[in-house]
Amino acid sequence: MPLPLPVLGLDVTVPLADGRRVPYAALDQAASAPVLRQVWDEVAEYAPYYGSVHRGAGHLSRLSTELYEDARETVARFLDCREDDQVVFTRATTDSLNLLASALPEDCRVYVFETEHHAALLPWRGAGPTLLDAPDGPSAAVAALERALAADDDGRPALVCVTGASNVTGELWPVRELAAVAHAHGARIVLDAAQLAPHRPVSVRELGVDWVALSGHKLYAPFGAGVLAGRADWLDAAEPYLAGGGASRRVARREDGGLDVEWHSGPARHEAGSPNVVGVHALASACRVLTEAGPDLLAGREEALLARLREGLAVLPGVRVLSLFGDDAPRVGVVSFVVDGWDSAALADRLASSYGIGVRAGLFCAHPLVRHLLGGRPDAAAECGEPDASPLNAVRASFGVGTPVEHVDRLLDALVDLVAEVA
């Protein structure tokens, strides 16, 4: 099964506890994906021409401004945005959703499933979000949102936030159906596509969402760039996310010593400061490379890898794969599991130190979901990023377009050994 798109890092070797070095198997790509080689080459090609954006008169500044705005159009095409949608560049998905949270109209109601990543659970503090219980299937999710919106249909603005693919189970969510329910009740919907976009096409038009948020570092691009794309009205009506140069159209001192400020509308309103032109260029390059490679080809290879991993885990005694919607639910290349007799943090450490395999252990910044899947109490202690704080944790293996088959096979072979240790 050849690699359709080469990535950086395949020739990196790492030390093992016994002193040997082996090629690193990067199976934590739901956290950050390796950089596509073509994207890195394009970034390196641009680097000597780096210049300030939007306000410089020199040739390099003009070139960088053109590159930056072309990237905005590339991302809009990648997401199949509507003609009047706008693309705002941010630092990542978390930043994008916090930006949208800062732009909510007064008295806006927010609805979020408890199964979301913390980036989607936490930004809405001022709005007092309504948490919806974890559903046991796509139709249950749609029904739960229908009930919640119908019960609170009081004419106030409302926003639904939902993932496209779970960062814990990889399962695909019924985004189109949820968007239809939201709009039937006069609500809007934002799609957290951080895990979906690296694996499947995302069409704002076809899914019917109002906004979509994603991260470049999960989309095989380096550096810290993200996107919030969608409707302009709430964003143009809100105070700038950051106050500073670029967001302001006119600033004048009043006679009383204060300042009169006229803010830009459009993306510039929320992109104050010198933008991350290199990161944005890389993100747009990744969007173009993935499109040119063909989503069907990439998805087909990933599904074969996913089947290989899940079938291998299924025959190992004491291994339980975590699932919210059931084994037959469609999903992307993200698999979380627990192994009888092993604390997941210790298991992940052994995979790294004895086999050179990188996976993630913990609650994956989705504490309520992992607690639900593991049957833990809602107040069970554990820390995101500190998986050894509690035995309530799991192991996550995740992969993408640059994952060799050999890496999946190495994981399965290693688990055979480690399961045998506690049998």
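The following paragraphs examine the structure supplied in this document. None of these values were measured; they are calculated from a predicted model.

Together, Val251, Leu259 and Val261 make up a nonpolar patch on the protein surface, roughly 250 Å² of accessible area in all. The class for Val251 is partly exposed, based on a relative accessible area of 48%.

Structurally, the position occupied by Val339 is in strand β14 (residues 334-339). In the structure, Val339 is positioned 142 residues away from Ala197 in sequence and 30 Å away in space, judged by C-alpha atoms. Setting aside its immediate chain neighbours within four residues, Val339 contacts Gly318, Val319, Leu347 and Val419.

A complete count under the given rule lists 6 aromatic pairs for this structure. When the ring of Trp173 is compared with that of Phe325, the centres are 5.2 Å apart and the planes differ by 55°; the resulting orientation is tilted. Here Phe325 lies in the loop between β13 (319-321) and β14 and Trp173 lies in the loop between β7 (158-163) and α6 (175-184), a separation of 152 residues in the sequence. In this structure Trp173 comes out as buried when scored by relative accessible area, which is 8%. A relative accessible area of 12% places Phe325 in the buried class. Chaining the aromatic ring pairs together yields one cluster made of Phe113, Trp173 and Phe325.

Below, the discussion takes up the sheet that holds strand β16 (residues 360-362). Pairing is antiparallel in the open sheet, where 4 strands are placed in the order β13-β14-β17-β16. Since the sheet does not close on itself, it has two edges, and those belong to β13 and β16, each with one partner. Pairwise comparison of adjacent strand axes, ignoring direction, gives a mean angle of 30° for this sheet. Pairing analysis gives 3 bridges linking β13 to β14, with the strands arranged antiparallel. Among the inter-strand pairings, Val321 is bridged to a residue of β14, identified as Phe337.

This part covers the sheet that holds strand β8 (residues 188-192). Hydrogen bonding along the main chain pairs the strands of a sheet, whether they run parallel or antiparallel. Spatially, the 7 strands line up as an open sheet ordered β4-β10-β9-β8-β7-β5-β6, and their pairing is mixed. Two strands lie at the open edges of the sheet, namely β4 (86-90) and β6 (130-132), each paired on one side alone. Taken pair by pair, the neighbouring strands of this sheet meet at an average axis angle of 20°, ignoring direction. In this structure, β7 lies alongside β8, joined through 5 bridges in parallel fashion. Following the sheet pairing, Val160 is matched in β8 by Ile189.

Another aspect to go through is empty space enclosed by the protein. Evaluated as defined, the whole model comprises 2 cavities of 30 Å³ or more. By volume, the largest cavity amounts to about 60 Å³. Gln29, Ala30, Ala33, Gln195, Pro198, His199, Lys218, Tyr220, Gly333, Val334, Ser398 and Phe399 together form the lining of the largest cavity. Residue classes in the lining of the largest cavity are distributed as 6 nonpolar, 5 polar and 1 charged. Estimated volume of the second largest cavity: approximately 30 Å³. What lines the second largest cavity is simply Thr115, Ser166, Thr169, Glu171, Trp173, Leu324 and Leu369. Considered class by class, the residues forming the lining of the second largest cavity number 3 nonpolar, 3 polar and 1 charged.

Let us look at the side chain of His281. Secondary-structure assignment places His281 in helix α9 (residues 277-293). Ignoring any residue separated from it by four or fewer positions in sequence, one finds His281 in contact with Glu42, Val43, Tyr46 and Leu67.

This part covers the side chain of Arg72. The topology assignment puts Arg72 in helix α2 (residues 59-78). One polar contact links Arg72 to Glu69, side chain to side chain, over a distance of 2.9 Å. Look past the residues within four positions of Arg72 in its chain and what remains in contact with it is Val87, Val88, Phe89, Pro267 and Glu271.

A rise of 1.5 Å per residue sets the reference length of helix α11 (residues 344-355), with its 12 residues, at 16 Å; its end C-alpha atoms lie 16 Å apart and thus fit the reference within 8%. Buried within α11 are the following residues: Ser344, Ala345, Leu347, Ala348 and Leu351. Considering only its buried residues, α11 is in contact with β14, β15 (357-358), β16, β17 (394-398) and α13 (405-421). Backbone nitrogen of Ala345 and a side-chain oxygen of the N-cap are separated by 3.1 Å at the start of α11; the cap is Asp343. Gly356, located one to two residues past α11, shows a positive phi value of around 70°.

Rules of the game
- Residues numbered from 1 in each chain as written.
- Predicted model: local features only at pLDDT ≥ 70, side-chain atom pairs only at ≥ 80, totals over all residues.
- Heavy atoms only, no water.
- Patch = residues over 30% accessible without salt bridge, like charges linked within 9 Å, V, L, I, M, F, W, Y side chains within 5 Å.
- Areas by Shrake-Rupley, 256 points an atom, 1.4 Å probe, with all protein chains shown as cover.
- Salt bridge = Lys/Arg side-chain N within 4 Å of Asp/Glu carboxyl O.
- Buried < 20%, exposed > 50% of the residue type's maximum accessible area, 1.4 Å probe, protein only.
- Helix = DSSP H or I, 4+ residues; strand = E, 2+ residues; numbered from the N terminus.
- Contact = heavy atoms within 4.5 Å.
- Phe/Tyr/Trp six-rings, centres within 6.5 Å; stacked < 30°, edge-to-face > 60°.
- Pairing = 2+ DSSP bridges.
- Axes fitted to C-alpha atoms, helices over the stretch in contact; angles between N-to-C directions.
- 1 Å grid on protein atoms, 1.4 Å probe; cavity = no way out; pocket = protein on both sides within 12 Å on 5 of 7 lines; lining within 4 Å.
- Points joined across faces, edges and corners; volume = space filled by probe spheres on them.
- Nonpolar A, V, L, I, M, F, W, Y, C, P; charged D, E, K, R; others polar.
- Polar contact = N/O pair within 3.5 Å; in protein donor to acceptor, adjacent residues only side chain to side chain.
- Expected span 1.5 Å × (residues − 1).

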